[in-house]
Amino acid sequence: MPLEPGSPVPPVSATTQSGERVTVDFEGPTVLFFYPEDETPGCTIEATQFDAELPSYREAGVAVYGVSLDDADSHAAFAAKEDLGVTLLADPDGEIAAAFEVEVEGGRAARTTFVCAEGQVCGLYEGVSPDGHARNVLADVLDTGLASLE
C-alpha cells in the first residue's frame, strides 16, 4: 500500500536522465509519478503528456518528476527519443519506490502518482490510465488550491 495522504514524504536523491544527481524538495508543490518502464506504450503516453503539461505545471509553481526502476542511461535514451524535458529520476535499486511503498513486480514499479507539498503526501493516484492523467493531476492540484496559475 503506497504512502497515504498525510504521510511525511521521505527524502529523495537520484540521478536524472542528464546524469545530474538531484535532491527533490518536497516543501513546494511537487508531483512524483512512478511508471513501469521507459519506452513502453503506456509509459510513453504518460511521460509525453506530463512533458506537454510541464509549462502549465511550472507556471503554477509545481515541480514534476517521473520515476522508474530504469537506470539513468535508459532514461537518457527515452528522453532523447521522445524529446522529454520532464525530469526523470533513475531508481534502479528500487529505493525510491520502497520509500514511497510503491508496489514493484518483475522489476517494474506500479503506475502510482503522488502529489506532495509542505513535506507530506497530499494526493495519491493508483491504477490510473496514462492517457489524460497529467492533465487530471494538474486540474486537481489547481482545484485543491495547492497551486495557482494566477
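Going by the structure above, here's the rest.
These numbers were taken from a predicted model, which means no experiment stands behind them.

What counts, and where the lines are drawn
Residues numbered from 1 in each chain as written. Predicted model: local features only at pLDDT ≥ 70, side-chain atom pairs only at ≥ 80, totals over all residues. Heavy atoms only, no water. 1 Å grid on protein atoms, 1.4 Å probe; cavity = no way out; pocket = protein on both sides within 12 Å on 5 of 7 lines; lining within 4 Å. Points joined across faces, edges and corners; volume = space filled by probe spheres on them. Helix = DSSP H or I, 4+ residues; strand = E, 2+ residues; numbered from the N terminus. Phe/Tyr/Trp six-rings, centres within 6.5 Å; stacked < 30°, edge-to-face > 60°. Core = buried A, V, L, I, M, F, W, Y, C linked by side-chain atoms within 4.5 Å. Buried < 20%, exposed > 50% of the residue type's maximum accessible area, 1.4 Å probe, protein only. Contact = heavy atoms within 4.5 Å.

S.K.: Explain the layout of surface pockets to me, please; I cannot follow it from the model alone.
M.R.: The method is simple in principle: a probe with the dimensions of a water molecule rolls over the atoms, and the space it marks as empty is what remains. Approximately 170 Å³ is the volume found for the largest pocket. As for the largest pocket, its lining consists of 13 residues, of which S13, R21, A90, D91 and E95 are closest to the centre. Residue assignment for the lining of the largest pocket shows that the elements contributing at least two residues are β1 (13-16) and α3 (95-99).

S.K.: What is the right way to read the packing of aromatic side chains from this model?
M.R.: Think of a pair of aromatic rings as described by two things: how far the centres are apart, and how the planes are tilted against each other in angle. The final tally for this structure, using the stated rule, is eight aromatic pairs. Chaining the aromatic ring pairs together yields one cluster made of F33, Y35, F50, Y57 and F78.

S.K.: Could you clarify how one ought to interpret the nonpolar core in this entry?
M.R.: One recurring pattern in soluble globular proteins is that nonpolar side chains are buried together. Ranked by size, the top nonpolar core spans 23 residues in total, and within it V31, F50, Y57, V64 and V137 carry the most contacts. For this core, the elements supplying multiple residues, two or more each, are β3 (30-34), α1 (41-59), α2 (72-82) and α4 (133-143). In terms of residues, this core owes the most to one element, α1, which gives five residues. Residues in contact with Y57, not counting those within four places in the same chain, are V31, F50, V62, V64, A134, V137 and L138. Formed by 21 residues, the second largest nonpolar core is a distinct cluster that contains V22, F34, I96 and V121.

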